[in-house]
Amino acid sequence: MIYLKVSNIKLNIEQTKEDAIQEALRIARVKETDLIEAKISKYSIDARKKQQIVKLFTVLLTVKQYKGRGKNVQVLKKLPEHHYEISGTEPLKHSPVVVGFGPAGMFCAYLLALNGYRPIVVERGSAVEKRIEDVNHFWETGELNENSNVQFGEGGAGTFSDGKLNTGIKDKQHRIHYVLNTFIKHGAAEQIAYDAKPHIGTDVLCKVVKSMREEILANGGTFLFDTTVTDFEVKNGRLVALELNHKEWLETEHCILAIGHSARDTFRVLYEKGFVLEQKPFAMGVRVEHLQTMINQSQYGFEDNRLGAAPYKVTYHTKEDRGVYSFCMCPGGYVVNSSSANRMLCVNGMSYQKRDSSNANSAIVTTITPKDFPSDHPLAGVELQERLEQKTYEACQGKIPVQRLEDFNSKDTTTAFGKVTPCVKGAVQKANLHEILPEYMTSAIQEAMSYFGTVIQGFDDPDTLMLALESRTSSPVRIVRDETFESNISGIYPAGEGAGYAGGITSAAIDGMKIFEQFISRYRPFE
């Protein structure tokens, strides 16, 4: 068999992936009778010329023979695939414990289970079926379950998001392919394997997460839902046990700590136990909402969704030397109340797979550095988040504060919506965000919004909606680890976004994979 990669296939917007495969065969001069398999490797949209939008494809062909002709055709030795090898020889006394079942913990536990390590997953939130009920109940009533919500529970914070899977990390080991193909195996659409901007959608991601849990169970894994790690027993600088829910102890010498960026109580326990923590820059700001038809018109030149709901990405550097940028953009999505602590409020963005709501939303956030923190304490960034989330909650008695951009610019309380009305999960209340956010944040966002209007027509429309507070972009603290992925307490492996080593679903999943690979280089599986 011969593997061919056919690149730079340009089609018009009416053509399909089947047309791309036929064009690849034509370019490579391969007969149908010589074709064994064909699949799309990459798909993107080039909309720089609105009157001549182009679909760009890369196609992988497996063929019986190839005569070495064809422009943009590369002969591959084999198709890209991720490999790992178990070389560890040290025996395990107890099962490794994976704390947190977001992407990092999920993929680490998944690989441990498939390879005979019998992981125990400890998740403070509920299984995804109950978690969905808890989240919907909160959105409908405002009654929060502090351990089972948009931030905590099976699947992690990304479960109630757009489910975006694109990442900018380098990937010579083809771990990204493994992550995407695993999601597909468990129910995600095949398109995520080749789309330049892949997303799953929260409705599908919930099913994928449950399916991965079931495979872990079938391969010897154990799950402890509604269970919080409340303490660590350490002897001679090494982990020996974990306290669960303040009442029982679980013996283990190995803990993959994938707690997520909202586990502030756990951060405080780590600090008290002598773990090395350090401050980390992050970002905060607001969610903005526009009509999706307006974004489509600006990006593609037409209002309908024939190419799907259009995404965007914007960045700006202010006169005061602050970065402002869009984050977690959700085409055809919803702004959601994503609070995880009583009397504190934060928001996030979410889309279903179809991305078919009337509004587009994204976070517009400004960089927050340690110089903005209230002290040099390792958890000072957490303290800053909490202060602003409390202020946001108090401003509208637990409802999401929302303000029109025109009112934001004039510092007036919004009294009526215009052409854009909120697409929101949770209650909202018209407000004045200047009474909530610090001046360095409001001035940076105001300056940036004016500039963004020159990049995307209508972005700074007076009726644009701004909702507060977007505060959980990434972790404001890093749990320091060494080249073996262990913290200063031996046997603890800080992982993923909460530990400060990833940003987004795919990069967090890959971080969990790396810890698994390090683990199997030292320890052998159970017999």
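Please read these numbers as outputs of a predicted model, since none were measured by experiment. (Residues numbered from 1 in each chain as written. Predicted model: local features only at pLDDT ≥ 70, side-chain atom pairs only at ≥ 80, totals over all residues. Heavy atoms only, no water.)

A. Highlighting the pattern of salt bridges. All told, the structure shown has 29 salt bridges when counted by the stated rule. Note that Lys-235 is salt-bridged to Glu-233, the shortest N-O span being 3.8 Å. Salt-bridge contacts for Glu-383 lead to Arg-387; the nearest nitrogen and oxygen are separated by 2.4 Å. In this pair, Glu-383 and Arg-387 both sit in helix 8 (residues 380-395), four residues apart, roughly one turn of the helix. Accessibility expressed as a relative area gives 29% for Glu-383, which makes it partly exposed. (Salt bridge = Lys/Arg side-chain N within 4 Å of Asp/Glu carboxyl O. Helix = DSSP H or I, 4+ residues; strand = E, 2+ residues; numbered from the N terminus. Buried < 20%, exposed > 50% of the residue type's maximum accessible area, 1.4 Å probe, protein only.)

B. Quick look at the packing of helix 4 (residues 175-185) against helix 11 (residues 505-520). Across the interface, helix 4 lies against helix 11 with an axial gap of 10 Å and an inter-helix angle of 110°. Comparing their axes, helix 11 and helix 4 come out roughly perpendicular. In contact with Arg-175, Ile-176, Tyr-178, Val-179 and Phe-183 of helix 4, helix 11 contributes Ile-505, Thr-506, Ala-509, Ile-510, Met-513, Lys-514 and Glu-517. Classifying every residue of the contact of helix 4 with helix 11 by side-chain character gives eight nonpolar, one polar and three charged. (Axes fitted to C-alpha atoms, helices over the stretch in contact; angles between N-to-C directions. Parallel < 35°, antiparallel > 145°, perpendicular 65-115°, else oblique. Contact = heavy atoms within 4.5 Å. Nonpolar A, V, L, I, M, F, W, Y, C, P; charged D, E, K, R; others polar.)

C. Local environment of empty space enclosed by the protein. As enumerated under the stated definition, the model contains one cavity of 30 Å³ or more in all. Taken as a whole, the largest cavity holds about 40 Å³ of empty space. As for the largest cavity, its lining consists of Pro-103, Met-106, Gly-155, Gly-158, Thr-159, Phe-183, Leu-205, Val-209 and Ile-505. Secondary structure elements with two or more residues in the lining of the largest cavity: helix 2 (103-114) and helix 5 (202-218). (1 Å grid on protein atoms, 1.4 Å probe; cavity = no way out; pocket = protein on both sides within 12 Å on 5 of 7 lines; lining within 4 Å. Points joined across faces, edges and corners; volume = space filled by probe spheres on them.)

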